[in-house]
Amino acid sequence: MSLTAHLAELRHRLVICLGAFVLAALVIYIRYPAVLSFLEHPYCSTVGLHQACSLYVTGPLDGFAIRLNVTAYGGLILGSPALLFQLWRF
């Protein structure tokens, strides 16, 4: 294949990867409370039964930043089969 054909295929594969990532991140964003409770469980199990299990937010935007980070990393993990398949196909 020529260079332009390779670049066109790369663009096509990247669009599919971006779509898979956005779709997976949307699923994680919608299911955020369940994902956060799953991620909190190891911390809450070490705190013990006598203390309340809660996370502290120190800044005004930290809660939203945590939600975005969980969404981004969760979308990357959930979408990784599609991403790796597109990388392999390229």
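Model, not experiment: these values are computed from the prediction.

(A) Spatial organisation of the environment of Val15. The residue Val15 is located in helix H1 (residues 3-30) in this model. Here Val15 falls in the exposed class, since its relative accessible area comes to 55%. A sequence separation of 70 residues divides Val15 from Phe85, and the C-alpha atoms of the two residues are 13 Å apart.

(B) Main features of the packing of aromatic side chains. Per the stated rule, a full pass over the model turns up one aromatic pair. For Arg67, the ring lying beneath its charged end belongs to Tyr29, and the centroid distance is 4.3 Å.

(C) Structural context of the packing of H1 against helix H2 (residues 32-47). For the pair H1 and H2, interaxial distance at closest approach is 5 Å and the crossing angle is 80 degrees. Overall, the two elements H1 and H2 adopt an arrangement that is roughly perpendicular. Contact residues: Ile28, Tyr29 and Ile30 in H1; Tyr32, Pro33 and Val35 in H2. Across the contact of H1 with H2, the residue classes tally to six nonpolar, no polar and no charged.

(D) Local environment of a nonpolar patch on the surface. On the surface, Leu3, Leu7, Leu10, Leu14 and Phe90 cluster together to form a nonpolar patch covering roughly 500 Å² of accessible area. Position of Leu3 relative to the elements: it lies in helix H1. Relative accessible area serves as the criterion here: at 62%, Leu3 is assigned to the exposed category.

(E) Just the environment of His6, in detail. If you trace the backbone, His6 turns up in helix H1. Under the relative-accessibility criterion, His6 is labelled partly exposed at 36%. Each C-alpha atom, one on His6 and one on Thr71, is 32 Å from the other, the two residues being 65 residues apart in sequence. In this structure, His6 is in contact with Met1 and Phe90, ignoring residues within four places of it in sequence.

(F) The packing of helix H3 (residues 62-78) against helix H4 (residues 80-89), seen in detail. Two numbers describe how H3 lies on H4: the axes approach to 5 Å, and their chain directions differ by 55 degrees. With respect to H4, the element H3 is oriented oblique. Seen from H3, the contacting residues are Leu76, Ile77 and Leu78; seen from H4, they are Ser80, Pro81 and Leu83. In the contact of H3 with H4, the residues fall into five nonpolar, one polar and no charged.

Quick notes on the rules
- Residues numbered from 1 in each chain as written.
- Predicted model: local features only at pLDDT ≥ 70, side-chain atom pairs only at ≥ 80, totals over all residues.
- Heavy atoms only, no water.
- Helix = DSSP H or I, 4+ residues; strand = E, 2+ residues; numbered from the N terminus.
- Buried < 20%, exposed > 50% of the residue type's maximum accessible area, 1.4 Å probe, protein only.
- Phe/Tyr/Trp six-rings, centres within 6.5 Å; stacked < 30°, edge-to-face > 60°.
- Lys NZ or Arg CZ within 6 Å of the ring centre and 35° of its normal.
- Axes fitted to C-alpha atoms, helices over the stretch in contact; angles between N-to-C directions.
- Parallel < 35°, antiparallel > 145°, perpendicular 65-115°, else oblique.
- Contact = heavy atoms within 4.5 Å.
- Nonpolar A, V, L, I, M, F, W, Y, C, P; charged D, E, K, R; others polar.
- Patch = residues over 30% accessible without salt bridge, like charges linked within 9 Å, V, L, I, M, F, W, Y side chains within 5 Å.
- Areas by Shrake-Rupley, 256 points an atom, 1.4 Å probe, with all protein chains shown as cover.
- Salt bridge = Lys/Arg side-chain N within 4 Å of Asp/Glu carboxyl O.

By themselves, these are just geometric observations and shouldn't be taken as functional.
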